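Given next are the chains, with one letter for each unit.
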Amino acid sequence: MSLMLAERSCVYSMLINLMETREAELKGLGADFVFGFVQSMDGERDPRNLLLAFQIAKSIIHRGYDLGKFTEELFEVTSCYFPIDFTPPSNDPHGITKEDLIEALRAVLSGTPKFAEFVLPLIIEKLDSDVQSAKLDSLQTLTSCVSQYEHKDLAEFLEGLWTSLRREVFQTSSERIECAGLAALTALTSCLSRSVLNSDSEDSLSTFLDLVLTDCKHHLCEPDLKLVWPSAKLLQAACSASSRASHIITAAVMPALVEQYSSRTQCSHRRTLLEVVLRFIQSVTSSQSSENEESMFLAFRQSLCDMVFSALSETNSSLQITATTTLTSLAQQTGLLLDADIELAVDHLTRLLLTEEDEKVSVAVVSCAGALAELHPTIFISKFIPRLKKEMFSEPMEQDNNREASEKHSHHAVRQQCLSALAAVSIRPSVVQESTPVLLEVLSSAHAGSVGFSVEEVVLACRSLQKIAEQVQDTEETGRCFHELIIPRLLSLALQAALQGEGSSGRRSPLVEEVVLSAVVSVIGTSCSRLQPKLAEQTVARAVSLFLDGDVSFLPDNSFPSHIRLLKQPQRESWSQSQMVCLLMGCVCSLPRSVAVPQIEQLLSQLEEMSCTCTHPLSYTSAAKCFAGLVNKQSQGDSLDSLIQRTMKRVCGELDSTSSPTRSQAFTLMIWVAKGLLLRYHPLSTALTDKLFSLLDDADLGSMAAEGFSLLMSDSADVLNRGCHADLRIMYRQRFFSENSSKLVQGFNAAPQEKKSNYLKALSNIVNKLPKQVQITELPALLNLLLEALSCPDQGVQLSTLSCLEPVLIDPPPALIQQLEALFSRLLALVSSPTMSVKITSLRCIHALSRLPTHEIFPFRARVLKALARPLDDKKRRVRSEAVLARGEWYLVGSPGGR
């Protein structure tokens, strides 16, 4: 240590180099080399050199250098830094952190069992510290050490280690300390579990677990006292370490838990005991070596089933929810539930599903049913699904008027739960074959009006079908189910509804409602996106043939007229038929790009015609989306370029004619084609987006054009997304922004005053969809425009702009600091906005500004406090809460104990 810092660093670097290149010669020096290193390191204080020294010490240990009689000296010269107490200076150019030093030292201390006799007393001593970071470091180091040690290295320290670990969990005031203590206990138990028993050797695992059980077991019998959970956590941490530990602990604690559950009558006590049992089952599951290993709870099988079924029979919702989770865990243990138990479980779950009004219980029951159905599909096919079907198709009982409304509401809730449950249990193909016909029957009945299903229930049935399509195991069997049964049935029902229109009674089928059709599109789109290639080709061929040629031969209940032309406009437009084009979109735009769409040129031509001439919004929008979805996946080349140019010519012709009655249709097609091309970086997308910029000045379409930028930058739910296999390049938003932001600024500056708001709305829509890091980088160049946007009367623009600014204000760039006067003026004005979301976000922004340096913001303190007094009396609690938080921080600005 007589050398200067730089020379010492040079020595350490030389030693590292020699250990890499001359290891044999260094090892030939024996323990003398270790002694020399100990002398060179003794008293080192510089963190840069300490990292080098710890690296050398680690290499000495791990590469098998002879420590000789200097083992303790090497330990002493390194452990004197434990636990690390180092805070780098704020202007530290070297980037060394406390964590770097902790990890480097820990690698040394845990490197060899030869250190055990020194390390373990040190850790026990440091765990007595009042410094939280020292406790945490000690526990994490213990975990690291015992993973390298053998049971004999721990034997004489077990009692002291257990006392320290128990204290840290029983008396902890920090969740991190508790978690670290439990992890250390698991690692310690795992180390002891690795010991090989001889006839004359002591079983150190049993000895240690006796200590744990003696101190913890009796607390499990006191479910109304606070030590029950720390005791349970300690036992479960030990339990999860190994199968041996699990056997010892479960054999000791399970009889007592079962007896306590039987003797207790209070639901709160029973819930606590059942939760403890559940945690034991979960911890044992994590220690099993294989899923097929016989459960160590087999001896308690009947008692556990009795506990769970008893809890499911209670009226206490918390106890019921715990019981469903426990039932799921029991089912995942091999051999714990017999067929008779599963049948009884299904009876209980069905009863709760049909009678329980607590939403949390219903969610728990549906989740449990899904888990059990995956493991035991046969019983759910034979009992669960028929029972739910019967309930859904029954009519609510007729009662007096007040009671009738209540009953119908209750019946709707039951149907909703049944629909969710049918989706949850449909994971295995065999279950899907039984559940999907029930859901399709709901749609058929709603269409026929035979059973009073509401539009909302029809939508829920579609969502259940979509969930099944998302989660079902991907097999040929399930693919055929969707190809041959579900998709044709959905198309058939929708076509029947479209042709039927309004009956003589004035009733129309719910399947012509836009919300229902959108849900059907989601089912078809999700199904088609997952079809295997051969089935996908057959499905798309059928769909195209139906819409282009009127081929209805593959549809069930085929009583359709032969002259159907769904993409050709009749003399008197039928919106119920034309809007079916959205179903075509679901079929053809969700397929992998490898699947060829037949008659593609004719299809695109008719979609373009429909999108430009149809007057029904859902119809022409769906046609435009379908056209864009197909164009997005077309192969690059002259054919695609000429198609785009023809479409652009037609669209621009309509848009340039201010008297055209179909300008909105042309705009819709333009924006969707622009999005389809933008996603794939097609060079012709620029011409379309430039046209969109020019429309910001248009008297009729300006506002629509500004909203169009939001569509360009947003993820679309039903087309042009990754789930639909769209050609979607990464970072397309950033690229669009970097290429076009200057056009927005120039357009804003040149626009007349009455048109400037369109540019502000467009800017806000673009910036709000950029990743936060990009927003922070680009904000200085756009700050003037964003501040202008805060003054825009459009509340959507205000909210969008505030959402952009909020993350930036946490660490604002210098350009923003220079604009504080303008920023405060606009934010304080928005605190009185009539829109709650604008008020809340502006208050959060003002709150964030309180963290800026005091000398920058103190001049605004009085104004801010005065303005924040008003929202303290706002009628909305969320606004009042944000105002209290912000005002509290601003009161501290400039105060002696404040910021």
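This structure is a prediction, so every number in the text was calculated from the model and none was measured.

Participant: I'd like to hear about the overall build of the chain, residue by residue, with values.
Facilitator: Along its length, the chain carries 44 helices and zero strands. With respect to the three principal axes, the spread of C-alpha positions in the chain is 100 × 75 × 65 Å. For the chain, the residues scored as buried account for 54% of the 899 residues in total. Expressed as a percentage of contacts within the chain between residues at least 6 apart in sequence, the contacts between residues at least 24 apart total 74%. For the chain, the accessible surface area stands at approximately 39,300 Å², while carbon and sulfur atoms represent 50% of it. Looking at the chain, you have 84 positive and 103 negative side-chain charges, and the mean spots of the two groups are 6 Å apart.

Participant: So what about the side chain of Thr-189? Which residues, and what values?
Facilitator: Within the secondary structure layout, Thr-189 lies in helix H11 (residues 175-193). Classification of Thr-189 by relative accessible area gives buried; the value is 0%. Within the structure, Thr-189 has its side chain in polar contact with the backbone oxygen of Leu-185 (distance 2.8 Å). Beyond its immediate sequence surroundings of up to four residues, Thr-189 is in contact with Leu-205, Phe-208, Leu-209, Ala-238, Ala-241 and Ala-245.

Participant: Give a detailed account of the packing of aromatic side chains, specifying residues and quantitative values.
Facilitator: Inspection of the entire model under this criterion finds 13 aromatic pairs. Consider the rings of Phe-824 and Phe-860, whose centres lie 4.3 Å apart with planes at 20 degrees: the pair is stacked. Of this pair, Phe-824 sits in helix H40 (residues 820-830) while Phe-860 sits in the loop between helix H42 (854-857) and helix H43 (861-869), placing them 36 residues apart in sequence. Among the aromatic residues, those joined into a ring-pair cluster are Phe-75, Phe-115 and Phe-118.

Participant: Could you give an account of helix H19 (residues 359-375), with specific residues and numbers?
Facilitator: Each turn of an α-helix holds 3.6 residues, which means side chains three or four residues apart point in the same direction. Its 17 residues place the ends of H19 25 Å apart at the C-alpha level, agreeing with the 24 Å of an ideal helix rising 1.5 Å per residue. Listed in full, the buried residues belonging to H19 are Val-361, Ser-362, Ala-364, Val-365, Val-366, Cys-368, Ala-369, Gly-370, Leu-372 and Ala-373. The residue sitting at the N-terminus of H19 and contributing the capping side-chain oxygen is Asp-358; that oxygen lies 2.9 Å from the backbone nitrogen of Lys-360.

Participant: Explain a negative patch on the surface to me, and be specific about the residues and the numbers.
Facilitator: A cluster of acidic side chains, namely Glu-72, Glu-73, Glu-76, Glu-117 and Glu-156, defines a negative patch on the protein surface. The dominant element in the negative patch, judged by the number of residues it contributes, is helix H5 (residues 71-79), at three residues. Inspection of the secondary structure assignment puts Glu-72 in helix H5. The partly exposed category is assigned to Glu-72, whose relative accessible area is 40%.

Participant: Kindly report on the environment of Leu-336, identifying the contributing residues and their values.
Facilitator: Position of Leu-336 among the secondary structure elements: in the loop between helix H17 (317-331) and helix H18 (339-355). Leu-336 sits in the buried class, given a relative accessible area of 2%. Separated by 38 residues in the primary sequence, Leu-336 and Leu-298 have C-alpha atoms spaced 6.1 Å apart. If we ignore the near neighbours within four places in the chain, the residues touching Leu-336 are Ser-295, Phe-297, Leu-298, Arg-301, Cys-305, Leu-330 and Asp-341.

Participant: Describe the pattern of salt bridges, with residues and values.
Facilitator: On inspection of all chains with the given rule, the structure shows 34 salt bridges. Between Asp-341 and Arg-301 there is a salt bridge whose closest N-O contact spans 2.5 Å. Pair noted here: Asp-341 is in helix H18 and Arg-301 is in helix H16 (residues 301-312), with a separation of 40 residues, a long-range link. Comparing Asp-341 with Arg-301 shows no difference in burial state: the two are buried. For Glu-882, the salt bridge is made with Arg-844, and the minimal N-O distance between the two is 3.2 Å. A residue pair is termed long-range when its members are at least 10 positions apart, and Glu-882 in helix H44 (residues 877-892) and Arg-844 in helix H41 (residues 836-849) qualify at 38 residues. Under the relative-accessibility criterion, Arg-844 is labelled partly exposed at 33%. One salt-bridge network, held together by shared partners, links Asp-128, Lys-135, Arg-167 and Glu-168.

Participant: I'd like a rundown of the packing of H40 against H41, residues and numbers included.
Facilitator: At their nearest, the axes of H40 and H41 sit 8 Å apart, and the two run at 145 degrees to each other. H40 and H41 meet at a crossing whose hand is left-handed. Contact residues: Leu-820, Leu-823, Phe-824, Leu-827, Leu-828 and Leu-830 in H40; Val-838, Lys-839, Ser-842, Cys-845, Ile-846 and Leu-849 in H41. Of the residues belonging to the contact of H40 with H41, the class tally is ten nonpolar, one polar and one charged.

Participant: Account for unusual backbone geometry, naming residues and giving values.
Facilitator: Cis geometry marks the peptide bond from Phe-82 to Pro-83, where omega comes out at -10 degrees. The topology assignment puts Pro-83 in the loop between H5 and helix H6 (98-109). Of note in this structure, Tyr-681 is not a glycine but carries a positive phi near 60 degrees. Structurally, Tyr-681 is set in the loop between helix H32 (663-679) and helix H33 (685-694).

Participant: Lay out the packing of H41 against H44 in plain terms, naming residues and giving numbers.
Facilitator: As a packed pair, H41 and H44 sit with axes 9 Å apart at the nearest point and diverge in direction by 15 degrees. Accordingly, the angle class assigned to the pair H41 and H44 is roughly parallel. The handedness of the crossing between H41 and H44 comes out as left-handed. Listed contacts from H44 to Met-836, Lys-839, Ile-840, Leu-843, Arg-844, Ile-846, His-847 and Leu-849 of H41 are Arg-878, Val-879, Glu-882, Ala-883, Leu-885, Ala-886, Glu-889 and Trp-890.

Participant: I'd like a description of the nonpolar core, backed by residues and values.
Facilitator: Counting 312 residues, the largest nonpolar core has Leu-74 and Leu-583 as the members making the most contacts within it. Once you skip the residues sitting within four places of it in the chain, Leu-74 turns out to touch Val-34, Phe-37, Val-38, Ala-57, Ile-60, Ile-61, Leu-67 and Phe-115.

Participant: An account of the environment of Lys-126 is requested, with residue identities and associated values reported.
Facilitator: Tracing the backbone shows Lys-126 in helix H7 (residues 116-126). Taking the C-alpha atoms as reference points, Lys-126 and Ser-231, 105 residues apart in sequence, are found 23 Å from one another. Residues contacting Lys-126, with those up to four places away along its chain left out, are Phe-82, Pro-83 and Ser-138.

Participant: Account for the side chain of Thr-322, naming residues and giving values.
Facilitator: Tracing the backbone through its elements, the reader meets Thr-322 in helix H17. Not counting chain neighbours up to four residues away, the residues in contact with Thr-322 comprise Arg-271, Leu-274 and Glu-275.

Participant: Before we move on, could you go through the confidence of the model for the chain and cite the residues and values that matter?
Facilitator: Interpretation of this model should avoid reading the predicted coordinates in detail wherever pLDDT is low. On average, residues of the chain score 86 in pLDDT, and 93% of them reach the 70 mark or higher. This model gives residues 398-407 a pLDDT under 50, and the stretch forms five contacts once residues within four places in sequence are excluded.

Participant: Run through helix H30 (residues 617-633), naming residues and quoting values.
Facilitator: With 17 residues, H30 extends 25 Å between its outermost C-alpha atoms, agreeing within 8% with the 24 Å of an ideal straight helix rising 1.5 Å per residue. Burial runs high along H30: 15 of the 17 residues are buried.

Parameters at a glance
Residues numbered from 1 in each chain as written. Predicted model: local features only at pLDDT ≥ 70, side-chain atom pairs only at ≥ 80, totals over all residues. Heavy atoms only, no water. Helix = DSSP H or I, 4+ residues; strand = E, 2+ residues; numbered from the N terminus. Buried < 20%, exposed > 50% of the residue type's maximum accessible area, 1.4 Å probe, protein only. Contact = heavy atoms within 4.5 Å. Areas by Shrake-Rupley, 256 points an atom, 1.4 Å probe, with all protein chains shown as cover. Lys, Arg positive; Asp, Glu negative; His and termini not counted. Charge placed at Lys NZ, Arg CZ, Asp CG, Glu CD. Polar contact = N/O pair within 3.5 Å; in protein donor to acceptor, adjacent residues only side chain to side chain. Phe/Tyr/Trp six-rings, centres within 6.5 Å; stacked < 30°, edge-to-face > 60°. Expected span 1.5 Å × (residues − 1). Patch = residues over 30% accessible without salt bridge, like charges linked within 9 Å, V, L, I, M, F, W, Y side chains within 5 Å. Salt bridge = Lys/Arg side-chain N within 4 Å of Asp/Glu carboxyl O. Axes fitted to C-alpha atoms, helices over the stretch in contact; angles between N-to-C directions. Left-handed = near helix turned anticlockwise from the far one by under 90°. Nonpolar A, V, L, I, M, F, W, Y, C, P; charged D, E, K, R; others polar. Parallel < 35°, antiparallel > 145°, perpendicular 65-115°, else oblique. Core = buried A, V, L, I, M, F, W, Y, C linked by side-chain atoms within 4.5 Å. pLDDT = per-residue confidence, 0-100.

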